[in-house]
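Read off the chains here:
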Amino acid sequence: MAEKITPRSEDYSRWYTDVILQAELADYAPVKGCMVIRPYGYALWENIQQALDRRFKATGHVNAYFPLLIPESYLRKEAEHVEGFSPELAVVTHGGGKELEEPLVVRPTSETIINAMYAKWVRSWRDLPILINQWANVVRWEMRTRLFLRTTEFLWQEGHTAHATAEEAMEETLRMLNVYKEFAETEMAMPVIAGQKSMTEKFAGALASYSIEAMMGDKRALQAGTSHYFGQQFAKAFGIQFLNKNNELEYVYQTSWGVSTRLIGALVMVHGDDQGLILPPRLAPIQVVIVPIWRDEEQKRLVLEAAGQVQARLSATTRVRLDDRDEYSPGWKFNDWEMKGVPLRIEIGPKDIENAQVVLARRDIPGREGKTTCPMDALESRVAELLTTIQSDLYARALRFREENTFYPRNYAELAEAVENGFAFAAWCGSAECEAKVKEDTKATTRCIPFEQPAEVGPCVVCGQPAEKQVLFARAY
RNA sequence: CGGGGCGUGGCGCAGACCGGUAGCGCGCAGCGUUUGGGACGCUGAAGUCGGAGGUUCAAGUCCUCUCGCCCCGACCA
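Residues numbered from 1 in each chain as written. Chains lettered and ligands numbered in written order. Predicted model: local features only at pLDDT ≥ 70, side-chain atom pairs only at ≥ 80, totals over all residues. Heavy atoms only, no water.

A. Structural context of the protein's contact with RNA strand B. Around RNA strand B sit 40 residues, and of these Lys 32, Arg 144, Arg 150, Arg 262 and Ser 329 come closest. Counting only atoms of RNA strand B within 4 Å of the protein, the fraction found in sugar and phosphate groups is 44%. Separating a sugar or linking oxygen of RNA strand B from a side-chain N or O atom of Gln 223 is a distance of 2.6 Å. Here a base nitrogen of RNA strand B and a side-chain polar atom of Ser 260 are 3.2 Å apart. At the level of elements, α10 (330–339), β17 (344–348) and α11 (350–354) are the ones that each hand at least two residues to the surface near RNA strand B. (Near = heavy atom within 4 Å. Polar contact = N/O pair within 3.5 Å; in protein donor to acceptor, adjacent residues only side chain to side chain. Helix = DSSP H or I, 4+ residues; strand = E, 2+ residues; numbered from the N terminus.)

B. Representation of the environment of Ile 132. Mapped onto the secondary structure, Ile 132 falls in strand β7 (residues 130–139). Judged by its relative accessible area of 10%, Ile 132 is buried. Between the C-alpha atom of Ile 132 and that of Ala 432, which follows or precedes it by 300 residues, the distance is 34 Å. If we skip the residues at most four places from it in the chain, Ile 132 touches Val 62, Ala 64, Phe 66, Tyr 118, Trp 121, Glu 158, Gly 159, His 160 and Thr 161. (Buried < 20%, exposed > 50% of the residue type's maximum accessible area, 1.4 Å probe, protein only. Contact = heavy atoms within 4.5 Å.)

C. Here's a closer look at the sheet that holds strand β20 (residues 406–407). Read from one edge to the other, the open sheet built from 11 strands follows the order β3-β7-β8-β14-β11-β10-β9-β22-β23-β21-β20, with strand pairing classed as mixed. Both outer strands of the open sheet, β3 (62–63) and β20, are each paired with one neighbouring strand and no more. In this sheet, strand β23 (residues 469–474) lies alongside strand β22 (residues 445–450) in antiparallel orientation, the contact comprising three bridges. What sits directly across from Cys 448, in β23, is Leu 472. Sitting on the sheet, helix α2 (residues 39–58) is in contact with β3, β7, β8 (153–163) and β14 (253–260), with an inclination near 160° to β7. (Pairing = 2+ DSSP bridges. Axes fitted to C-alpha atoms, helices over the stretch in contact; angles between N-to-C directions.)

D. Main features of the environment of Glu 435. By the element assignment, Glu 435 lies in helix α14 (residues 432–442). The class for Glu 435 is buried, based on a relative accessible area of 7%. Considered as a pair, Glu 435 and Phe 203 are 232 residues apart in the sequence and their alpha carbons are 17 Å apart. Apart from residues lying up to four places away in sequence, Glu 435 is in contact with Ser 198, Thr 200, Glu 201, Trp 428 and Thr 446. A polar atom in the side chain of Glu 435 sits 2.7 Å from the side chain of Thr 446.

E. Quick look at the pairing of β8. Across the 11 residues of β8, nine count as buried, placing the element largely inside the fold. As paired elements, β7 and β8 share 10 bridges and run antiparallel to each other. Paired with Trp 135 across the strands is Gln 157, a residue of β8. Of the pairings in the sheet, the one linking β8 to β14 comprises eight bridges and is antiparallel in character.

So this is what it looks like as structure tokens:
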């Protein structure tokens with residue numbers, strides 16, 4: 001606990017790791033690339049889950065659970081899919097002390113097993129749509145791992161839907177992308193760019209992929225959520241057919257969409273500072289921490305009594321914690337809770353009791369500047385108001401940061417410079433060659449073709465050919 | 001898989017070049033004094049030096065092999 005965090009300016013990725021370890025979000029597990037999500041990190045994940053699950057239910061989805069182990073042959077049924085995932089599969093070859101007749105893969109994603117089941121369940125247009133989500137773990141044998149951002153095993157949700165028409169499936173794809181965008185902005189206080197993935201960046205097996213892209217504190221892009229339109233690709237591979245209203249046999253149209261524990265990494269990098277985490281109030285496991293201050297036993301008794309009352313009054317509406325540990329000094333606690341990113345701190349000592357007030361300290365505004373006093377009788381309203389303000393200020397700050405580091409290069413030299421310093425929106429002809437050249441020269445990739453497009457797009461910044469769309473180029477995680 | 005770094009009490013490290021009975025800081029336990037921005041004193045517990053083999057009277061230290069982790073790149077949510 002309570003060790004020094006490497007400053008971001010000195011080594012950003014070191015800072016990132018320090019924050020996660022010291023704030024006790026996660027720890028390294030004995031197996032390479034695997035991590036333990038510790039209680040504080042898991043509480044954060046639970047809040048993310050709840051906020052998303054609410055939205056999934058509100059858009060008509062239900063939860064289910066499909067198995068971890070998938071027959072290897074299933075992965076091979078869709079050509080592009082197997083090609084995309086083969087290199088990173090974990091395969092079970094033995095069970096019960098014997099070699100298995102057919103190896104089982106540990107799911108890297110569940111399209112295949114779920115679609116195999118859908119083939120069994122779908123007969124008629126009346127069986128559609130199927131709107132199922134599952135919360136699960138998946139395994140991808142990545143070469144390079146990083147806490148939360150890319151671990152061998154990770155937690156996520158994956159929605160898998162089947163529809164009677166292409167229009168309906170496409171609508172669903174975009175609806176869920178929009179759910180992610182709204183979630184990221186409202187709950188995570190993280191502005192995102194929504195758009196379509198290029199053909200080279202899209203999901204293995206999808207006809208079209210869409211993503212939300214966020215800018216991290218080091219100006220790199222992080223894909224924070226994806227939604228895929230499959231058309232009938234998987235339906236044909238798995239034989240998911242139904243009789244439509246005209247008594248004609250037809251393949252279903254499908255989607256899948258997911259977000260993962262990577263979002264926790266995003267929260268760390270979007271809002272955190274050199275003191276540690278800064279959590280948006282809506283997702284923070286502890287929204288308000290009360291730090292009591294006393295000198296002697298008599299004061300301790302009085303202060304703890306008052307602090308207990310403050311806690312009781314707030315606990316109806318707020319996730320509040322009273323830190324009454326005797327073994328740490330107030331100063332130590334200030335630093336500790338700041339590292340853990342608690343949005344609002346209440347200090348209460350003898351002076352405050354005398355004045356019938358408490359001191360409120362905002363995590364997002366360090367030092368004296370973020371401190372105000374609050375009369376005891378205005379406690380509930382002021383705390384609620386401040387938490388709302390912090391939430392929106394965090395969003396505004398992240399948005400400003402992104403905008404300050406966003407560029408609109410007109411030629412290749414400008415593009416190369418722009419992606420060194422942040423996001424670059426630039427005209428692109430749509431060819432994979434131009435994409436590859438940029439990646440080769442600058443390490444930046446196309447993140448997405450934003451839905452929001454300017455009225456006029458100039459020629460492709462790479463080849464100079466006519467371009468129809470502006471694309472977001474950035475270095476990505 | 002390529003490049004770099006590192007495995008020594010719980011954590012961070014020193015000791016290695018030059019072999020000779022394992023040390024420092026933090027943390028931990030007990031007691032006392034402290035507490036409005038990371039308190040202090042005293043006492044104490046805790047280490048198969050990643051693993052195997054070798055050289056030697058003697059190995060944390062030298063040699064060989066091996067395992068693992070972290071960071072940087074290619075792959076990726």
